[in-house]
Amino acid sequence: MADASLGGAGEDPRRLIPRTDELLGLPAVARARGRLAEGEIRRQIAAAQNRARRLEIPPEDVASEAEELLGRARSHGLSPVINATGVVVHTNLGRAPLSTAAVDALSEAAGPVDVELDLSSGRRSSRRGATAREALLDACGAGEAALVVNNGASALLLAVTALAGGGAAVISRGELIEIGAGFRIPELLQTTGTTLIEVGATNRTHPRDYERALDEWSGPGPIAILKVHTSNYRVEGFTAEATTKDLAGIARDRGVPLVADIGSGLLTRDEALPGEPDARGALKAGADVVVASGDKLLGGPQAGIAIGTSEAIGKMGRHPLARAVRIDKLRLAALEATLRGPVPPVTAALHASPDELRRRCEGLARATGAGRVVPHEGRVGGGGAPGVPLPGFAVAYPRKIATLLREPGAGERPVLGRLHDDALLIDPRCVPEGDDDLLAGAIARALERLDGGDGAGEAPAES
C-alpha cells in the first residue's frame, strides 16, 4: 500500500525536486555570488532540497526556500546584536565596541598599506606599528617606549619572559588571579620557565615580604617584581598591599625590573572609576613596564599594550617571542584611530548622563506603548572597576520577551537586556542613540508576538 504522504498511486513527490543546476540559475544565486563562496551557495541550495526530501516542504517551494536561505546567509557566523544590558565592556559581546574612526581605519587597512614599507625610499621599513606606538605614548603622557602585541595576556607573557625568563618573578599571593575562561596567572607564567616566588598572604602583603624574597633568591637567571591588578574582584576588610611606588623603590635599590599588569587598559586616571589603576600613574610611580588590554577601558580592538622604559620595552621587542605574539595591521590601525579619533563608545557609555538616559528611556517607553522607567545601575564589565556603579535608568518590560528579542525574525537584530526579578530591563547606556528607533521597533514586535500567543519560555539571566 502506497504511503499517502508520497502522493497518490505511489508517486513520490521527491522526484519533482528541482535539480541543483536549475536552482543555480535563480536570480538570487547571481546576487549571492557577490558575497558568498560557490561552496556556500551550493550548501544553501542543498539545505532547501533536503527540506523537500524530508517532506517538510513541497517540491514547488524549493526554489523560494533556496532564495530565502541565500538571502539570510552570511559569510561569517557572528551576529550583530544590540547591547541593552547596561554592561559597558561585555566580554560575551566582544568587549569594547569600536568607534567609527576605528571601523574606518579597519576598512582602509584591509587593503594594501605601508605597514612595513618606507614610501619615501621604497624600501622595507622596520617601523611596523610605529605610529600606533607613538599614539599610545601621546595618550598616556608617560613612558619612554611602547609595544603592541595581540592581547593583554601576551603582553604579560612577553614581559615576564623577556625580563625574567629562566629566572624568577616575585608576586603577592593575593594577586595569583584567575582571568577569563579559566586561565590563571600562575599557570600562564609558569610556561615562561620562570619560577614564581609567592610572598605574603591572600589578604595582606607588605613591602618587606618582597625585600626578603629578593634578598634570599640565589637561583640562576634574572629576577623581577610583578604586580597584578586583581581586576574583577576586591578583597576588603583586614587587608594590606605594597603599592607600585613601594615596589618601585625596592626594585630600584636592587636593580631589578618592576612589571605592573593593570589589566583594564585605563591610560590616565578617571574620577568615575575610583581605585582603578592607570598606566600613567603606574609609570609615574616607577614601574619599568605597564601592560594592559586594548579592548577594555581603552575602548579599542583586542590588543596587548606595553609602555615603559626604553631598556625594558627594547628587551621585549627583541625577544623571539615578540614575533609569535605580533599584532596584525588591522588592529594596529584600529588602535591608533581609537587613540587619535573622537571619544570611543566605551568612554561615552561610562560617562553617560543619568538625565540623558532617563530621557531616552521615557522615549522608548512611549514608542513601545509599554514598560516603566526604573532606576538602574550599569556596570563597567570586562574585569574593570568591580563593584563601581554607573547611575542611570532602564525600561522594565515583561520577562518573557527576552527570548523573543534574542531570537528575532529574519533581518532583525537580536537585543540583549538584563533579567532581574520578574522583568527584562532594557538599558540604553551602551546603545548608540541612532539605534533607539531600531530598539523600539524590536521591542514593539516582541510585545505583539507575546500578546498573540507566541510563546517565550523563561530564559537564563543575562548580564
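About the cut-offs
- Residues numbered from 1 in each chain as written.
- Predicted model: local features only at pLDDT ≥ 70, side-chain atom pairs only at ≥ 80, totals over all residues.
- Heavy atoms only, no water.
- Helix = DSSP H or I, 4+ residues; strand = E, 2+ residues; numbered from the N terminus.
- Buried < 20%, exposed > 50% of the residue type's maximum accessible area, 1.4 Å probe, protein only.
- Pairing = 2+ DSSP bridges.
- Axes fitted to C-alpha atoms, helices over the stretch in contact; angles between N-to-C directions.
- Contact = heavy atoms within 4.5 Å.
- Polar contact = N/O pair within 3.5 Å; in protein donor to acceptor, adjacent residues only side chain to side chain.
- Expected span 1.5 Å × (residues − 1).
- Parallel < 35°, antiparallel > 145°, perpendicular 65-115°, else oblique.
- Nonpolar A, V, L, I, M, F, W, Y, C, P; charged D, E, K, R; others polar.
- Salt bridge = Lys/Arg side-chain N within 4 Å of Asp/Glu carboxyl O.

### Quick word on unusual backbone geometry
The phi angle at Leu55 is positive, at roughly 65°, despite the residue not being glycine. Here Leu55 is to be found in the loop between α3 (38-53) and α4 (62-72). Leu55 gets classed as partly exposed once you look at its relative accessible area, which sits at 37%. Phi angles above zero are rare outside glycine, and Asp421 is one such case at about 55°. Of note, Asp421 is situated in the loop between β14 (418-420) and β15 (423-426). Since its relative accessible area comes to 61%, Asp421 is described here as exposed.

### Some thoughts on the sheet that holds strand β10 (residues 304-308)
Reading across from one edge, β4-β10-β9-β8-β7-β5-β6 is the order of the seven strands in this open sheet, with mixed pairing throughout. Two strands bound the open sheet, and with one partner strand each, they are β4 (145-149) and β6 (195-199). With direction set aside, neighbouring strand axes in the sheet form an average angle of 20°. Strand direction decides the pairing type here: β4 and β10, joined by five bridges, are antiparallel. Looking across to β10, one finds that Val149 is bridged to Gly304. Set on the sheet, helix α6 (residues 130-140) makes contact with β4 and β10; between it and β4 the angle comes to about 120°.

### Side note on the environment of Thr205
Tracing the backbone through its elements, the reader meets Thr205 in the loop between β6 and α9 (207-216). Thr205 sits in the buried class, given a relative accessible area of 3%. Once the C-alpha coordinates of Thr205 and Ala240 are considered, the two residues, 35 residues apart in sequence, prove to be 5.7 Å apart. When residues no more than four places from it in sequence are discounted, the contact partners of Thr205 are Ser172, Arg173, Val199, Gly200, Tyr210, Ala240, Glu241 and Ala242. In this structure the side chain of Thr205 is engaged in a polar contact, spanning 3.3 Å, whose partner is the backbone oxygen of Ala201.

### Some words on helix α7 (residues 152-164)
Spanning 13 residues, α7 covers 18 Å between terminal C-alpha atoms, matching the ideal 18 Å at 1.5 Å per step. Among the 13 residues of α7, 12 are classified as buried, and the element is accordingly described as predominantly covered. Listed as buried for α7 are Gly152, Ser154, Ala155, Leu156, Leu157, Leu158, Ala159, Val160, Thr161, Ala162, Leu163 and Ala164. One side-chain oxygen of the residue at the start of α7 lies 3.3 Å from the amide nitrogen of Ala153, identifying that residue as Asn151. Positive phi appears at Gly166, one or two residues downstream of α7, with a value of about 80°.

### So, the packing of α7 against helix α12 (residues 310-318)
Geometrically, a packed helix pair is captured by the angle between its two axes and the distance between the axes. Two elements in contact, α7 and α12, have axes separated by 9 Å at closest approach and are oriented at 100°. Comparing their axes, α12 and α7 come out roughly perpendicular. Seen from α7, the contacting residues are Ala155, Leu158, Ala159, Ala162 and Leu163; seen from α12, they are Ala312, Lys315 and Met316. Here the contact of α7 with α12 is built from residues that sort into seven nonpolar, no polar and one charged.

### Observations regarding the pattern of salt bridges
Within the structure shown, the criterion is met by 32 salt bridges. The salt bridge involving Asp21 is made with Arg19; its shortest N-O contact spans 2.8 Å. Here Arg19 falls in the exposed class, since its relative accessible area comes to 52%. A salt bridge links Glu178 to Arg184; its shortest N-O distance comes to 2.8 Å. Three or more residues are tied together by salt bridges with common partners; here these are Arg51, Arg54, Glu56 and Glu65.

### What about the side chain of Thr244?
Position of Thr244 among the secondary structure elements: in helix α10 (residues 244-254). A residue is classified by how much of its surface remains accessible, and Thr244, at 16% relative accessible area, is buried. Those residues in contact with Thr244 that lie beyond four places of it in its chain are Lys227, Leu258, Ala282, Ala285 and Ala287.

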